[in-house]
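# Residue-level structure breakdown
Listed below, chain by chain, are the residues.
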Amino acid sequence: MFVTVKYGEEQCRIFNAICRNDLLLDSIRSQCQCDQNVVVDLSDERGEVKNLRCFPTSYGSDFLKERETLVLLRVDNDVHKETPFFTPLLNSLLRDQKFLDAINAQTEAEDSRDHRSRVKPCVSPDLVFAPVNKKPKAPKPTRMPVKK
């Protein structure tokens, strides 16, 4: 499953979405020449933010549609606001007020909508989920047949 991400001066790249969201967004950030410190996310061309950064251990294929065309967004946090501010990194949309209003809508998602289209602000875009350190179970000893 792949998606197309548009950015810059009408540039686009294809990405495999069958991976964890944190890895997908890191790859997109790197391949689209964004600074390592920039927090990124994606929206569809109508301005519906995908909020992949809120679900770093989920798979992109659970949130995105096959062959979907997406817009790369920069996520800016204001300490005075709970919700982030999104800026499209596709230059042609920087002056599209309808798109800017759509990606920065303050409305809560309806519970009846599925998680693919849910607009839900993250507690923090810099969420890092550390793996739980569990000791692996020791393998059970097996009896080897004795050769005679």
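In this text, all values refer to a predicted model and were calculated from it rather than measured experimentally.

Attention now goes to the side chain of T4. Within the secondary structure, T4 is located in strand 1 (residues 2-7). According to the relative accessible area criterion, T4 is buried, its value standing at 16%.

Moving on to the pairing of strand 1. The pairing of strand 1 with strand 2 (residues 11-16) spans 6 bridges and is classified as antiparallel. Looking at the pairing, V3 lines up with F15 of strand 2. As judged from the 3 bridges shared by strand 1 and strand 4 (residues 69-76), these two strands associate in the parallel manner. Bridge pairing links K6 to V71 in strand 4.

Here the focus is unusual backbone geometry. Although it is not a glycine, E10 adopts a positive phi angle of roughly 60 degrees. Take E10: it is sitting in the loop between strand 1 and strand 2. A relative accessible area of 46% means that E10 is categorised as partly exposed. The phi torsion at Q33 lies on the positive side, around 55 degrees, for a residue other than glycine. Relative accessible area serves as the criterion here: at 56%, Q33 is assigned to the exposed category.

What follows deals with the pairing of strand 4. Note that strand 3 (residues 39-44) and strand 4 share 6 bridges and pair antiparallel. Bridge pairing links D41 to L73 in strand 4. Where strand 4 meets strand 5 (residues 85-88), 4 bridges bridge the pair, whose relative direction is antiparallel. Across the sheet, the residue bridging to V75 is F86, located in strand 5.

Here we come to the pattern of salt bridges. Overall, the coordinates contain 9 salt bridges when judged by the stated rule. Here E45 and K6 are joined by a salt bridge, their closest N and O atoms 3.4 Å apart. Placement of E45 in the loop between strand 3 and strand 4 and of K6 in strand 1 is noted, with a sequence separation of 39 residues between them. Residue classification places E45 among the partly exposed residues on the basis of a relative accessible area of 46%. Residue D41 is joined to R53 by a salt bridge in which the shortest nitrogen-to-oxygen separation is 2.6 Å. With D41 in strand 3 and R53 in the loop between strand 3 and strand 4, the pair connects residues that are 12 residues apart, well separated along the chain.

The share of residues in the chain with pLDDT of 70 or more is 68%, and the mean pLDDT across the chain is 80. The low-confidence segment residues 124-133 (pLDDT under 50) makes 7 contacts with residues lying over four places distant or belonging to another chain.

A few words now on the side chain of N104. If you trace the backbone, N104 turns up in the segment after helix 2 (97-103). Using a relative accessible area of 15% as the deciding quantity, one classes N104 as buried. Side-chain polar atoms of N104 contact the backbone oxygen of L100, separated by 3.1 Å. Ignoring any residue separated from it by four or fewer positions in sequence, one finds N104 in contact with P84, F85 and F86.

Conventions and cut-offs
Residues numbered from 1 in each chain as written. Predicted model: local features only at pLDDT ≥ 70, side-chain atom pairs only at ≥ 80, totals over all residues. Heavy atoms only, no water. Helix = DSSP H or I, 4+ residues; strand = E, 2+ residues; numbered from the N terminus. Buried < 20%, exposed > 50% of the residue type's maximum accessible area, 1.4 Å probe, protein only. Pairing = 2+ DSSP bridges. Salt bridge = Lys/Arg side-chain N within 4 Å of Asp/Glu carboxyl O. pLDDT = per-residue confidence, 0-100. Contact = heavy atoms within 4.5 Å. Polar contact = N/O pair within 3.5 Å; in protein donor to acceptor, adjacent residues only side chain to side chain.

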